[in-house]
Amino acid sequence: MANVPEDLHYSKDHEWVRVEGNEAVIGITDYAQNSLGDVVYVELPKPGEQFAANESFGSVESVKAVSEVFTPVTGEVTKINESLADEPEKVNADPYGDGWMIRIRMSSSGEVDSLLTAAEYEDFTKAESE
Amino acid sequence: MLGSIGLTSAEQLFDSIPSELRLKAPLNTPAALSEIELLARFEEMASRNAGANRISFLGAGAYSHYIPTIVDHILTRSEFFTAYTPYQPEISQGTLQTIFEFQTLVCQLTGMEVANASMYDGSTALAEAVLMAERVTKRFKVVASTAVHPQYLDVVRTYVQHAGIDLELISFNEQSGQAAAELTESINEQTAAVVVQSPNFFGCIEDLASFANAAHAKGALLIVAVTEAISLGLLKSPGACGADIVVAEGQSFGVPLSFGGPYVGLFATKEKYARQIPGRLVGEAYDKQGRRGFVLTLATREQHIRREKATSNICTNEGLIALAATVYLETMGRRGMQEVAEQCLQKAAYAARKIQALSGFSLPFSGPRFNEFVVRGPSNAQELLSRLGIEKGIEGGLPLAQFFPERVNDFLVCVTEINTREQIDSLADGLAAVTR
């Protein structure tokens, strides 16, 4: 059973968002890393790049496939998890912690409210895997 | 069979073609010949192809070098000749190993860290290098010297014109024949890459290190193209000079001229850019029992997995031609490569001295040379060379006016190890005779 922490917001593209002040920390969910399999490479943007909500900010490559990752919120990238360049397996081992991907300074804080709650995301993934 | 599809004659199958477009008489072909007659007829036709037997000093991107007999012998072995893309390593170790060796040789020659399994030819490899520079830098401006082969620049233009990449050309230095200082001045924070060729289209060797420094100072990449790959046997490698991507035409390595193709493109770069490389890549791996083997690697860059996000549309490589290059290089070895390059250099220098001494002839460019150089004749080069061909049986070079219209009297001469001293002397004598 995939781990879905209560305090995060979720997208239907299987990203999670943790709000810290006016910044959003973004990664992919436990369910997503489990479906992808062993992650071998994570392509991330550069700090300073701007993204609109639902825009692709990078990609995650596992042994068999490449999937794009999308930011659920609009804003500017303030920081990226540079350690993923050498240790992409962190995305598998700790998707909500050391496996985080980017921090975005949100330009409209209301966007997170339209995301899924933990309970809603759990129902969503159940429906998707059925 | 006609009956079962409801027709009465074979003619009805062609009813959809308008009557006025259809041939109503039998084809006008000669009667069939026996095999003996056929061979005699083709030999007679071939013997009329006088140009094929002329002494040649043509280069400009395709070079006449000696091909050791072993190259064709290995090449035509059915295991290699009929091999398909080696998706399945368990049945393709031979093909994969030769590609791995090819990549290793390309890295050694270019001074780079990683090379792919080959591209279609030098010009498409250059275009792919430009696209890769855009992916690496996320910038959209590319500056190139006009001393890069004009046909290579045409191919680059074809590839980038709808890719949102702005290709800016900077005129070469008219005194040296090398890329101009303005090329470095045109590099800025929007520049993805600087493109130079060395030895360049005029045969002049570029100061690659200075372009590398200028490019890197602005965060841009240096792309170096090489059309005469034999030069890599002698010149300091582009990698050692600071190049970020090196592309080359590999035809000089055991591949016949054969009317322009198929040839093979060499593509090499730094390891940190490995995921941005176009095309196939073969890697070394170990099986369960720890035995060494070879597999296609980083395939997630490729179109069959990554679809429209792939690094390139190329889903193949020039397998057989890359094998020819591999066999050639392994046959020649390090010393053999140096010796061929040395002979090309020395013979070209001898030819340049002889021609320069002729009344009315000069060498317009002062830049250092390898095995090609531009000659300025006393009159229209096209007419001069045409007379030399017809009267003396010598292809004396390529008139430059077709690429640089104002250079009416200029032509490009190429000398390789297969040109003897007698041939070079007869070129100089011939040029003197047709201008007398």
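Small disclaimer: the values here were computed from a predicted structure and weren't measured.

Enquirer: How do you make sense of the sheet that holds strand E4 (residues 39-43) of chain A when you look at a structure like this?
Expert: In a beta sheet, neighbouring strands pair by backbone hydrogen bonds and run either parallel or antiparallel. Residue and element names in this part refer to chain A. If you walk across this open sheet you meet the three strands as E4-E6-E7, and the pairing is antiparallel. What marks the edges here is a single partner per strand, and that holds for E4 and strand E7 (66-71). Ignoring strand direction, the axes of neighbouring strands in this sheet form an average angle of 25°. Across six bridges, strand E6 (residues 55-62) lies against E7 in antiparallel orientation. Opposite Ser56, over in E7, you have Phe70 as the bridge partner.

Enquirer: I keep staring at the interface of chain B and chain A and nothing clicks. Help me out?
Expert: Buried accessible area, meaning the area lost when the parts come together, often serves as the stated size of an interface. Facing five residues of chain B, the contacting portion of chain A comprises four residues. Of the residues assigned to the side of chain B that touches chain A, the class counts are one nonpolar, one polar and three charged.

Enquirer: In this structure, what is going on with the nonpolar core? I would like to understand it.
Expert: As a rule of thumb, soluble globular proteins bury nonpolar side chains together. Val130, Ala133, Val194 and Ile223 of chain B are the most contacted members of the largest nonpolar core, which totals 123 residues. For this core, the leading source of residues is helix H10 (residues 319-356) of chain B, giving 17 residues. Two domains each provide a minimum of three residues to this core, namely domain 1 (52-66 + 334-435) and domain 2 (69-328) of chain B. Leaving out residues up to four positions away in the same chain, Val130 of chain B has contacts with Val142, Val156, Tyr159, Val160, Ile165, Ala193, Val195 and Ile223 of chain B. Counting 28 residues, the second-largest nonpolar core is a separate cluster that includes Val4, Val77, Met101 and Tyr121 of chain A.

Enquirer: Please clarify how the packing of helix H5 (residues 122-137) of chain B against helix H6 (residues 150-160) of chain B should be interpreted in this entry.
Expert: A packed helix pair is summarised by two numbers, namely the angle formed by the two axes and the spacing between the axes. All names here are of chain B. Where H5 meets H6, the closest approach of the two axes is 8 Å, and the angle between their N-to-C directions is 45°. With respect to their mutual orientation, H5 and H6 come out oblique. Between H5 and H6 lies a crossing whose hand is right-handed. Seen from H5, the contacting residues are Gly122, Ser123, Thr124, Leu126, Ala127, Val130 and Leu131; seen from H6, they are Gln151, Tyr152, Val155, Val156, Tyr159 and Val160. When the residues that make up the contact of H5 with H6 are grouped by side-chain class, the tally is nine nonpolar, four polar and no charged.

Enquirer: Where do I start with the sheet that holds strand E2 (residues 114-115) of chain B in this structure?
Expert: Residue and element names in this part refer to chain B. Read from one edge to the other, the open sheet built from seven strands follows the order E2-E8-E7-E6-E5-E3-E4, with strand pairing classed as mixed. Each end of this open sheet is capped by a strand with a single partner; those strands are E2 and strand E4 (166-170). As paired strands, strand E3 (residues 141-145) and strand E5 (residues 191-197) are joined by four bridges and run parallel to one another. Note on E5: the bridge partner recorded for Lys141 is Thr191. Against the sheet, H5 touches E3, E5, strand E6 (221-226), strand E7 (245-249) and strand E8 (265-269), its axis set at about 165° to E7.

Enquirer: Would you explain unusual backbone geometry in this entry?
Expert: Peptide bonds are mostly trans, and most non-glycine residues show a negative phi. All names here are of chain B. Omega for the peptide link from Ser198 to Pro199 comes to -10°, which places this bond in the cis form. Mapped onto the fold, Pro199 is located in the loop between E5 and helix H8 (208-217). A cis amide bond, omega 0°, links Gly261 with the succeeding residue Pro262. Counting through the fold element by element, Pro262 comes out in the loop between E7 and E8. If you check the backbone angles, Lys138 has positive phi at about 55° while not being a glycine. Assignment of secondary structure puts Lys138 in the loop between H5 and E3. What makes Lys138 exposed here is the crowd of 10 C-beta atoms within 10 Å.

Enquirer: Teacher, can you tell me more about the domain arrangement of chain B here?
Expert: Residue and element names in this part refer to chain B. Domain assignment breaks chain B into domain 1 (52-66 + 334-435) and domain 2 (69-328). Here the C-alpha centroids of domain 1 and domain 2 sit 28 Å apart. Taken together, the contacts link 25 residues of domain 1 with 24 residues of domain 2. The element best represented in the side of domain 1 that touches domain 2 is H10, accounting for seven residues. A class-by-class count of the residues in the side of domain 1 that touches domain 2 yields 14 nonpolar, eight polar and three charged.

Criteria and thresholds
Residues numbered from 1 in each chain as written. Chains lettered and ligands numbered in written order. Predicted model: local features only at pLDDT ≥ 70, side-chain atom pairs only at ≥ 80, totals over all residues. Pairing = 2+ DSSP bridges. Helix = DSSP H or I, 4+ residues; strand = E, 2+ residues; numbered from the N terminus. Axes fitted to C-alpha atoms, helices over the stretch in contact; angles between N-to-C directions. Contact = placed C-beta atoms within 7 Å. Nonpolar A, V, L, I, M, F, W, Y, C, P; charged D, E, K, R; others polar. Core = buried A, V, L, I, M, F, W, Y, C linked by C-beta atoms within 7 Å. Buried ≥ 20, exposed ≤ 12 C-beta atoms within 10 Å, placed from the backbone. Domains from an automatic or database assignment. Parallel < 35°, antiparallel > 145°, perpendicular 65-115°, else oblique. Left-handed = near helix turned anticlockwise from the far one by under 90°.

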